[in-house]
Amino acid sequence: VPSAVMSAWAESQGVPSDSIIKLMGDPYGELTEKLEMELTHAGPKGLGLINRCKRFALYIDNGEVKIVRVAEKEDDPAGDDEPDVTLAESMIEAIKELGGNEEL
């Protein structure tokens, strides 16, 4: 069952409920931990951002992870300043380069 926050976010972004795009939360950090995407840098933790997930994007095809993009740099561990590699345009280009759906 999607959370109210994730449902509201999907609605605000114009993602229909029957879309192939799924917005999912990870309130207990279980998926974040399994994917090894927990933001462990001291900077954000020092600001009280505990158990925060890194900014990342995955392309998964038939259950196989084909592309992993993480927006993080030494001086920007959260990827907030330059999230470009995780944005839709970048992922679409990466999928095309991979030989994925040319109609994206």
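Refer to the structure presented above.
Residues numbered from 1 in each chain as written. Predicted model: local features only at pLDDT ≥ 70, side-chain atom pairs only at ≥ 80, totals over all residues. Heavy atoms only, no water.

Caption draft 1: A look at the overall build of the protein chain. Helices and strands together make up the secondary structure of the protein chain, namely four helices and two strands. Going from N to C terminus, the protein chain has its helices and strands arranged as α-α-α-β-β-α. Within the protein chain, the fraction of its 104 residues that count as buried is 23%. Taking the intrachain contacts of the protein chain between residues at least 6 apart in sequence as the baseline, contacts between residues at least 24 apart amount to 29%. Only carbon and sulfur atoms are counted for the fraction: they give 52% of the accessible area of the protein chain, which is about 8,000 Å². (Helix = DSSP H or I, 4+ residues; strand = E, 2+ residues; numbered from the N terminus. Buried < 20%, exposed > 50% of the residue type's maximum accessible area, 1.4 Å probe, protein only. Contact = heavy atoms within 4.5 Å. Areas by Shrake-Rupley, 256 points an atom, 1.4 Å probe, with all protein chains shown as cover.)

Caption draft 2: Examining the nonpolar core more closely. Among the nonpolar cores identified, the biggest contains six residues, and these are Ala57, Tyr59, Ile67, Met91, Ala94 and Ile95. Of all the elements in the fold, those that place two or more residues in this core are strand 1 (56-61) and helix 4 (88-98). The element contributing the most residues to this core is helix 4, with three residues. Apart from residues no more than four positions distant in its own chain, Met91 is found in contact with Ala57, Leu58, Tyr59, Ile67, Arg69, Val85 and Thr86. (Core = buried A, V, L, I, M, F, W, Y, C linked by side-chain atoms within 4.5 Å.)

Caption draft 3: Quick peek at the layout of surface pockets. Each pocket or cavity is described by its volume, and for the largest pocket that value is around 1,800 Å³. Every residue lining the largest pocket is counted, 32 residues in all, and those nearest its centre are Ile21, Lys22, Leu23, Ala57 and Leu58. At the level of elements, helix 1 (4-12), helix 2 (30-34), strand 1 and helix 4 are the ones that each hand at least two residues to the lining of the largest pocket. When residues in the lining of the largest pocket are grouped by element, the largest group, five residues, is from strand 1. Considering only residue class, the lining of the largest pocket consists of 22 nonpolar, five polar and five charged. If you go around the second largest pocket, you meet twelve residues; those closest to its centre are Ala10, Ser17, Ile21, Lys22 and Leu23. (1 Å grid on protein atoms, 1.4 Å probe; cavity = no way out; pocket = protein on both sides within 12 Å on 5 of 7 lines; lining within 4 Å. Points joined across faces, edges and corners; volume = space filled by probe spheres on them. Nonpolar A, V, L, I, M, F, W, Y, C, P; charged D, E, K, R; others polar.)

Caption draft 4: A look at the pairing of strand 2 (residues 64-70). Note: strand 1 against strand 2, six bridges, orientation antiparallel. From the neighbouring strand, Ala57 faces strand 2, where its bridge partner is Arg69. The hairpin turn running from strand 1 into strand 2, its antiparallel successor, is two residues long, and Asn62 in that turn takes a positive phi close to 55°. (Pairing = 2+ DSSP bridges.)

Caption draft 5: Spatial organisation of a nonpolar patch on the surface. On the surface, Leu31, Leu35, Leu58, Ile60, Val65 and Val68 cluster together into a nonpolar patch covering about 470 Å² of accessible area. Take Leu31: it is sitting in helix 2. (Patch = residues over 30% accessible without salt bridge, like charges linked within 9 Å, V, L, I, M, F, W, Y side chains within 5 Å. Salt bridge = Lys/Arg side-chain N within 4 Å of Asp/Glu carboxyl O.)

Caption draft 6: Local environment of the pattern of salt bridges. Counted according to the given criterion, the structure contains four salt bridges. Between Lys54 and Glu72 there is a salt bridge, with the nearest N and O atoms lying 3.4 Å from each other. Within this pair, whereas Lys54 is found in the loop between helix 3 (42-46) and strand 1, its partner Glu72 is found in the loop between strand 2 and helix 4, the two being separated by 18 residues in sequence. Residue Lys54 is classed as buried on the basis of its relative accessible area, which comes to 18%. Asp61 is paired through a salt bridge with Lys66; the nearest N and O atoms lie 3.5 Å apart. For Asp61, a relative accessible area of 30% puts it in the partly exposed group. Judged by relative accessible area, which is 37%, Lys66 ranks as partly exposed.

Everything listed here is a matter of geometry and, on its own, says nothing about what the molecule does.
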